[in-house]
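The lines below spell out each chain.
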Amino acid sequence: MQAKPFHIVPSIFPSPVKLPPVNRTSLPEKIPRAVSITVPSHQVLTLDVDDSVAAFWDYQFLFVSQRFETVEPVTLRVIDGAIPGDFPLGTYYLTGPGLFADDHGSTVHPLDGHGYLRAFTIDGFKREVKFMARYIKTEAQVEERDPETGRWRFTHRGPFSVLKGGKMVGNTKVMKNVANTSVLRWAGRLFCLWEGGDPYEIESRTLDTVGRFDVINGCDSSLSGERFNGDDVWNVAAKMLKPILHGVFKMPPKRLLSHYKIDALRNRLLIMSCNAEDMLLPRSNFTFYEFDSNFKLLQRQEFSIPDHLMIHDWAFTDTHYILFGNRIKLDVAGSMAAVCGLSPMISALSVNPSKPTSPIYLLPRFSNELTNKSSRDWRVPIEAPSQLWVLHVGNAFEERDGNGNAEIQIQASGCSYQWFNFQKMFGYNWQSGKLDPSIMNVQEGEEKLLPHLVQVSINLDANGDCQKCGVKPLNQWCKPSDFPVINQDYSGSKNKYIYAATSSGSRQALPHFPFDTVLKLNTSNKSIRTWSAGSRRFIGEPIFVPKGNEEDDGYLLVVEYAVSIQRCYLVVLNSKRIGETDALVARLEVPKHLNFPIGFHGFWATSNCVLDN
């Protein structure tokens, strides 16, 4: 029987799945390193296989498409513990890709999967959780899904994919804004963001898509702001590229980054954009915007840096924007293939490990610092003594002494340039449409190449000149980890606790990724506490929900993916009890037919519900 895209629909799985036995004689003597993102529609894997086989299929089940949406809220069944009565009333929003294969033979990279927004509304008084999930109706989603039949045909290439069942050569639909990366609630409005386009506004009660929210262009015309250029030589080249990128490839002039920051002390939203042409030029332009709680633009600053950089996440302190300069370079051969549609657009770029250090740019947050002649030249980066590709930032803060000397601390996750590869993220092979978990699980002795939690310390004198810069593992925790988060009330300020997703290392065939453990680090006494999901269960990014005055007084929310039985659970942990046997507060089961693929980033919104009481 011909293989078909694997989706969770009633016609395939009308009831909880019993995995039938696999004919052991049919298994190859050597397990293949890549497993297709599709499976035969008549067959599912058994639990009765050795770990090397099960591990490959477990990885695939993290990326199984979900075509169902919930128009009405569903009350989740509690299977362990109970929702505590003091749990704050609010909603946990989680976004990520929902669809990886269409009905015409094309698969896409997880980063190009259509955004699927999940909402868990938690009511401690009623001790219940209600669940909703809807696709974000972006322009690409509306074009690629037939509303009458519900069938999908991918027409957009996306930055990381090549279509098999659609137009490949000459396809200029590169900027596929799928709104699948992060979610934000600000000024009473809900948004889903993507790395490279406008956010989409969502109606918070129904999860209906309102439409694109053009926050950048409106800001660029409303305030003149400050513009600080580097070398003007590349301005001519930029002016030539802009109409081509916008007119032919429909790239917006400025690309909004999916990671934003919230200054809890000032109650401000901070967002950042870069110019579309920067990916092709040896310079980088970054614009920072700050909004008040009513979405009024307070300030805008633009910086031009004479270096070819790619930024996914960033940091801020009371006086600085902080950029970790992930250095990239243009791949000429890859660019030609990408423009012709023969390879993903991202193949036009590659990492640039030409220097043994990592540049850190400390950009003055306020314009008065820029005019201070005694301040250091922000165009000159601080070179951290480590070749580090930064993935995500948990927090950053600065402390000053009586003489004006400052120490900046940054908590982040980063990996080696030797491991990071644009074309192999998540182990997706665009040529075969297959997922290979071995890319994310290096051989013994190479673990240091993988993402780890790091602490970067920068000492500045009163003039802002760097006296010392160091990079070390955070709390000496050396296992692969990512998605560092904190109590957001401490964002931009000194924090003691940091939480992250990590690996227990108990799975021989999947020792490093996907993650299966929640990590709690105390940066004051250097203690380490963990909670593990268990055998053949994975987790995503944890989210902290505060409920008291102490920094770690609250709960952690994390989704648990029990891939061996194809179920998802919302897990509630007592953040103070991580590492103890009673850390688990509650586990709630998502209905089988609503099982969803792994999410990317989430947001906790207290007292902002999507449901009626």
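Residues numbered from 1 in each chain as written. Predicted model: local features only at pLDDT ≥ 70, side-chain atom pairs only at ≥ 80, totals over all residues. Heavy atoms only, no water.

Chemist: So what's going on with the overall build of the protein? Which residues, and what values?
Modeler: Along the backbone of the protein there are six helices and 42 strands. A fraction of 66% describes how many contacts in the protein between residues 6 or more apart in sequence connect residues 24 or more apart. (Helix = DSSP H or I, 4+ residues; strand = E, 2+ residues; numbered from the N terminus. Contact = heavy atoms within 4.5 Å.)

Chemist: Any chance you could break down the nonpolar core for me, citing the residues and the numbers?
Modeler: Phe120 and Phe596 are the most contacted members of the largest nonpolar core, which has 88 residues in total. Take this core: its biggest share by element is six residues, from strand β39 (residues 554-562). Setting aside chain neighbours within four positions, we find Phe596 in contact with Gln66, Leu94, Tyr116, Arg118, Phe120, Phe131, Val559, Tyr561, Cys568 and Val590. Counting residues in each nonpolar core, the second largest holds 30 residues, with Met132, Tyr289, Phe291 and Ala605 among its members. (Core = buried A, V, L, I, M, F, W, Y, C linked by side-chain atoms within 4.5 Å. Buried < 20%, exposed > 50% of the residue type's maximum accessible area, 1.4 Å probe, protein only.)

Chemist: Tell me about the UniProt feature "binding site: Fe cation" (unreviewed entry) in the protein, and name the residues and values.
Modeler: On the UniProt side, "binding site: Fe cation" (unreviewed entry) is annotated at positions that read His312, His392 and His601 here. Despite a sequence span of 290 residues, these residues sit close together in the fold, their greatest C-alpha distance being 13.0 Å. Its place among the elements puts His312 in the loop between β20 (309-310) and β21 (315-316). Take His312: its relative accessible area is 23%, and that puts it in the partly exposed class. The contact partners of His312, leaving out residues within four places of it in the chain, are Thr181, Glu195, Leu257, Ser258, His259, Leu391 and His392. A polar contact of 3.1 Å, which involves the side chain of His312, links it to the side chain of His259. With relative accessibility at 7%, the residue His601 sits in the buried group. Excluding anything up to four places from it in sequence, His601 contacts Tyr93, Leu94, Thr95, Thr181, Ser182, Val183, His259, His392, Phe483 and Glu541. (UniProt positions renumbered as here; feature names shortened; annotations may be inferred. Polar contact = N/O pair within 3.5 Å; in protein donor to acceptor, adjacent residues only side chain to side chain.)

Chemist: Give a detailed account of the confidence of the model for the protein, specifying residues and quantitative values.
Modeler: Across the protein, the average pLDDT comes to 86, with 85% of residues at 70 or higher. Below a pLDDT of 50 lies the segment residues 224-228, which in the model reaches 14 contacts outside its immediate sequence neighbourhood of four places, other chains included. Low pLDDT (under 50) marks residues 608-613, which in the prediction has 24 contacts with non-local residues, meaning those over four places away or in another chain. (pLDDT = per-residue confidence, 0-100.)

Chemist: So what about helix α5 (residues 332-339)? Which residues, and what values?
Modeler: Within α5, the full set of buried residues consists of Gly334, Ser335 and Ala338. For α5, the buried positions fall inside an angular range of 105° around the axis, keeping them on one side. Among the exposed residues of α5, those oriented more than 90 degrees off its buried face are Val332, Ala333 and Met336. Downstream of α5 by a residue or two, Gly341 has a phi angle that is positive, lying close to 85°. (Arc of directions from axis to C-beta.)

Chemist: Explain the sheet that holds strand β13 (residues 209-212) to me, using residue names and the numbers behind them.
Modeler: Judged by pairing direction, the sheet is antiparallel, and its four strands sit side by side in the order β10-β11-β12-β13 without closing on themselves. Edge positions in the open sheet fall to β10 (182-186) and β13, since each of these has one partner strand only. Averaged over all pairs of adjacent strands, the angle between their axes in this sheet comes to 25°, without regard to strand direction. Bridge count for strand β11 (residues 189-193) against strand β12 (residues 200-202) is three bridges, and the pairing is antiparallel. Pairing of Cys192 across the sheet is with Tyr200, part of β12. (Pairing = 2+ DSSP bridges. Axes fitted to C-alpha atoms, helices over the stretch in contact; angles between N-to-C directions.)

Chemist: Which residues make up the state of the cysteines, and what values do they have?
Modeler: For the structure on display, the rule yields zero disulfides. No disulfide involves Cys466; its nearest neighbouring cysteine sulfur is the one of Cys469, lying 5.5 Å away. Owing to a relative accessible area of 31%, Cys466 belongs among the partly exposed residues under this scheme. Looking at Cys469, the relative accessible area reads 15%, which means it is buried. (Disulfide = S-S within 2.5 Å.)

Chemist: Can you break down the sheet that holds strand β25 (residues 358-364) residue by residue, with the values?
Modeler: Reading across the sheet, the four strands line up as β21-β22-β25-β26 and stay open at both edges, with antiparallel pairing between neighbours. Each having just a single partner strand, β21 and β26 (382-384) make up the two edges of the open sheet. Where β25 meets β26, three bridges bridge the pair, whose relative direction is antiparallel. Opposite Ile360, over in β26, you have Ile382 as the bridge partner.

Chemist: Any details on the pairing of strand β27 (residues 388-400)? Residues and values, ideally.
Modeler: Along any regular strand the residues' side chains alternate between the sheet's two faces. A large share of β27 lies buried, amounting to 11 of its 13 residues. Pairing geometry for β27 and strand β28 (residues 406-416), over 11 bridges, is antiparallel. Bridging across to β28, Ala396 finds its partner in Ile410. Connecting β27 to the antiparallel partner β28 that follows it, the hairpin turn spans five residues, and Gly404 within it adopts a positive phi of roughly 90°.

Chemist: Give me the environment of Thr172: which residues, what numbers.
Modeler: With respect to the helices and strands, the residue Thr172 is situated in the loop between α2 (139-144) and β10. With 17 residues separating them along the chain, Thr172 and Thr155 place their C-alpha atoms 10.0 Å apart.

Chemist: Hey, could you go over unusual backbone geometry for me, with residue numbers and the actual values?
Modeler: Here the residue pair Phe513 and Pro514 is connected by a cis peptide bond, since its omega of 5° sits within 30 degrees of zero. You can see Pro514 is positioned in the loop between β34 (497-502) and β35 (517-522). Its identity is not glycine, yet Ala179 carries a phi of approximately 50°, on the positive side. Assignment of secondary structure puts Ala179 in the loop between α2 and β10. Residue class for Ala179 comes out buried when judged on its relative accessible area of 0%. Non-glycine residue Gln476 carries a positive phi angle of around 60°. Along the polypeptide, Gln476 turns up in the loop between β32 (466-473) and β33 (481-485).

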